Every structure is written in structure tokens, then in C-alpha cells.
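# Structural description and commentary
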Amino acid sequence: PGQRVFLANSSENKTYSGVVGKGGAITDLKPFADRGGESVATDGQGRVYVANGQVFVYAPNGQELGRVDVPERPLQLLFGGPDKQTLFVLTHHALYAVRPR
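Residues numbered from 1 in each chain as written. Predicted model: local features only at pLDDT ≥ 70, side-chain atom pairs only at ≥ 80, totals over all residues. Heavy atoms only, no water.

## Quick look at the overall build of the chain
What the chain contains, in helices and strands, is 0 helices and 10 strands. Seen in sequence order, the chain has helices and strands lined up from the N terminus as β-β-β-β-β-β-β-β-β-β. The C-alpha atoms of the chain give a radius of gyration of 13 Å, which matches the 13 Å a tight globule of 101 residues would have. By its C-alpha atoms, the chain is 35 × 30 × 25 Å across when sized along the principal axes. By sequence separation, contacts in the chain at least 24 residues apart represent 23% of the contacts at least 6 residues apart. Entry remark: accessible area of the chain is about 6,000 Å², with carbon and sulfur atoms responsible for 51%. Of note, the chain has its 11 positive side-chain charges centred 5 Å away from the centre of its 9 negative side-chain charges. (Helix = DSSP H or I, 4+ residues; strand = E, 2+ residues; numbered from the N terminus. Rg over C-alpha atoms; globule rule 2.2 N^0.38 Å. Contact = heavy atoms within 4.5 Å. Areas by Shrake-Rupley, 256 points an atom, 1.4 Å probe, with all protein chains shown as cover. Lys, Arg positive; Asp, Glu negative; His and termini not counted. Charge placed at Lys NZ, Arg CZ, Asp CG, Glu CD.)

## Observations regarding the layout of surface pockets
When its volume is computed, the largest pocket comes out at roughly 180 Å³. Forming the walls of the largest pocket are Arg 47, Tyr 49, Val 57, Leu 65, Gly 66, Arg 67, Val 68, Arg 99, Pro 100 and Arg 101. (1 Å grid on protein atoms, 1.4 Å probe; cavity = no way out; pocket = protein on both sides within 12 Å on 5 of 7 lines; lining within 4 Å. Points joined across faces, edges and corners; volume = space filled by probe spheres on them.)

## Focus on the side chain of Thr 86
Mapping Thr 86 onto the fold places it in strand S9 (residues 86–90). Given a relative accessible area of 10%, Thr 86 falls into the buried group. Side chain to side chain, Thr 86 and Arg 99 meet in a polar contact 3.1 Å long. Residues in contact with Thr 86, not counting those within four places in the same chain, are Leu 78, Phe 79, Gly 80, Ala 97, Val 98 and Arg 99. (Buried < 20%, exposed > 50% of the residue type's maximum accessible area, 1.4 Å probe, protein only. Polar contact = N/O pair within 3.5 Å; in protein donor to acceptor, adjacent residues only side chain to side chain.)

The structure is reproduced here in C-alpha cells:
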């Protein structure tokens, strides 16, 4: 509770940020980016990664920084590895590991 999280909405093609409230309810929902998708992940520097055909990268303030191209359409994003700085990208046929710059 109290932590800001990001939620991708593919039907609206938008990503939102909100605060986790008591009981898991999302409060203070605000538009973050005019691109939604299948998944969203945040790195240790607060950058937001949105899976939408490719992986689009946003600064914590919502400014688009660039994209990470993978050979297949990304379905799920997750940061992990020993230092939590590897972006794992799941597609229909493969799992990719990317070290964002």
C-alpha cells in the first residue's frame, strides 16, 4: 500500500499510474502515456517499459525515451536477474533477455 504502480490498458491504448490502497484497490488513477499494451514493467531508475508491438520506454515523467526492438511481439515484461537490471520479454514462441542501456 502507498506505492505507485503502472497499468497498461490495451483496449484504450493507454498506460495509467495509480497508488495501491488498502486491500489492493488502485487509487489516484492518472493517465501516464498515450500507449497501452499487453504488459508494463518499471526498472530501478523509475523508467517505464510498455509492451505494445515492441517495448516502448518512458521516463518517470511520461516522456517517451525510445524503444527496445525484439524479433517477436512482446506479451509480458519483467525485470529480474541477480541485479534486477535484465528485462525479460516473453513472446508467443520465445523468452528474450535484454540489458537496457
